[in-house]
Amino acid sequence: MAARGGATVPPGQQHGPHGRDARGPGAGAHAHGRDARGSGSGAHAQGPDAQGAGSGAHGPDAGKTGTQSHARPAGAPARRGRPRSEAVERSVIDAVVRLLEEGVAISDLSIERIARTAGVGKATIYRRWEGKESLLVDVVRSMEPVDPPLPGTSVRDDLVALVEMLRRRGLAKRSSALLHNVFAQMQSYPRLWEMYHRIAVTPRRERMDAVLRRGVETGEIRADVDFDLLGDMFVGPMLVRTVLRPESTPGPGSAERIVDTVLRGVRPPG
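Residues numbered from 1 in each chain as written. Predicted model: local features only at pLDDT ≥ 70, side-chain atom pairs only at ≥ 80, totals over all residues. Heavy atoms only, no water.

1. Describing the overall build of the protein chain
Right, so step 1: Helix and strand counts for the protein chain stand at nine helices and two strands.
Right, so step 2: Along the protein chain, from the amino end to the carboxyl end, the secondary structure elements read β-β-α-α-α-α-α-α-α-α-α.
Right, so step 3: The long-range share in the protein chain, meaning contacts at least 24 apart out of those at least 6 apart in sequence, stands at 59%.
Right, so step 4: As displayed, the protein chain has an accessible area near 15,000 Å², and 52% of this comes from carbon and sulfur atoms. (Helix = DSSP H or I, 4+ residues; strand = E, 2+ residues; numbered from the N terminus. Contact = heavy atoms within 4.5 Å. Areas by Shrake-Rupley, 256 points an atom, 1.4 Å probe, with all protein chains shown as cover.)

Below is the structure:
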């Protein structure tokens, strides 16, 4: 007889180490491979990620009840699951981009259609994204230039880097018909637009605020300046030139000129 979590288990129901990762509220699934996840009856789970969600799993454990699934030793921390598969996520994001390039409108995109194009199951997508909106936010972010780390050498240099990132994103939206089209459609979907701002735009603004606070602490920026207004003063000119004035193409050095002009006006006197 072996004890698990305080319960006595008959010898015939003790399992070896290969069953440690089988997870399932129904019949126990034997886990031997990598990404098998049973989402219903009849799932043949053979991976460390096997998650039998129903009865009928084939293998040595078939036919046993949920109370006989592999238990963690008493006091062991709960398993948090495996890291998300980058290859699967990439295939899903690429599938959405492909559909958008083919002219499929956001309103016509469905999880079922995306899953079919990516060659995965709908459950695979829902395990990674809570819905279509959060998936689309990741798709848009994947098409935008990546924000590099700030240099950290000075407040001015960090502000220049932030405004330069904005210039590159603005020019990318202008040069990419797909990205421009997606942003135009996103504005018709308040929930999607709000989610994009919360996930992508707000963190960028928080980075700007952190640099401005550091400028106040180092005496490079006056303490009485409104941070929201000051942030707009750095960001606004670049947005106007990249988004609202298509005939104007801000080139290299534009970020430096904007930052230096604003900093001259907000430095402490003396």
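2. Quick look at the packing of aromatic side chains
Right, so step 1: Per the counting criterion, the structure on display carries three aromatic pairs.
Right, so step 2: Where Phe-183 meets Trp-193, the ring centres are 6.1 Å apart and the plane angle is 90°; that geometry is what we call edge-to-face. Of this pair, Phe-183 sits in helix α6 (residues 177-186) while Trp-193 sits in helix α7 (residues 190-217), placing them ten residues apart in sequence.
Right, so step 3: Looking at Phe-183, the relative accessible area reads 8%, which means it is buried.
Right, so step 4: Relative accessible area serves as the criterion here: at 26%, Trp-193 is assigned to the partly exposed category.
Right, so step 5: In textbook terms, an aromatic cluster arises when at least three aromatic residues are bridged by ring pairs, as seen for Phe-183, Trp-193 and Tyr-196.
Right, so step 6: Note that Lys-173 overlies the ring of Phe-183, its terminal NZ or CZ placed 4.2 Å from the centroid. (Phe/Tyr/Trp six-rings, centres within 6.5 Å; stacked < 30°, edge-to-face > 60°. Buried < 20%, exposed > 50% of the residue type's maximum accessible area, 1.4 Å probe, protein only. Lys NZ or Arg CZ within 6 Å of the ring centre and 35° of its normal.)

3. Describing α7
Right, so step 1: Between its first and last C-alpha atoms α7 spans 38 Å; for 28 residues at 1.5 Å apiece the expected length is 40 Å, and the two agree.
Right, so step 2: Maximum bend of α7: about 40°, positioned at Val-201, with proline Pro-203 one to four residues after it.
Right, so step 3: Buried residues belonging to α7 abut α4 (132-143), α5 (155-175), α6 and α8 (227-244).
Right, so step 4: Two residues or fewer after α7 comes Gly-219, characterised by a positive phi angle close to 80°. (Expected span 1.5 Å × (residues − 1). Bend = angle between axes of the 7 residues up to and from the residue.)

4. What about the packing of α8 against helix α9 (residues 254-266)?
Right, so step 1: Orientation of α8 relative to α9, taken along the N-to-C sense of each, is 150°, at an axis distance of 10 Å. By the angle between their directions, the pair α8 and α9 is classed as roughly antiparallel. Between α8 and α9 lies a crossing whose hand is right-handed. Contact residues: Leu-230, Met-233, Phe-234, Pro-237 and Met-238 in α8; Ser-254, Ala-255, Ile-258, Val-259, Val-262, Leu-263 and Val-266 in α9.
Right, so step 2: Across the contact of α8 with α9, the residue classes tally to eleven nonpolar, one polar and no charged. (Axes fitted to C-alpha atoms, helices over the stretch in contact; angles between N-to-C directions. Parallel < 35°, antiparallel > 145°, perpendicular 65-115°, else oblique. Left-handed = near helix turned anticlockwise from the far one by under 90°. Nonpolar A, V, L, I, M, F, W, Y, C, P; charged D, E, K, R; others polar.)

5. Looking at the nonpolar core
Right, so step 1: Of all hydrophobic cores here, the largest spans 31 residues; its most connected members are Val-96, Leu-100, Leu-109, Ile-114, Ile-125 and Leu-135.
Right, so step 2: Where this core is concerned, the elements lending two or more residues are α1 (86-101), α2 (111-118), α4, α6 and α7.
Right, so step 3: Excluding residues that lie within four positions of it along the chain, Leu-135 makes contacts with Val-92, Ile-93, Val-96, Ile-114, Ile-125 and Trp-129.
Right, so step 4: Listed in part, the 23 residues of the second largest apolar core include Leu-159, Ala-161, Met-238 and Ile-258. (Core = buried A, V, L, I, M, F, W, Y, C linked by side-chain atoms within 4.5 Å.)

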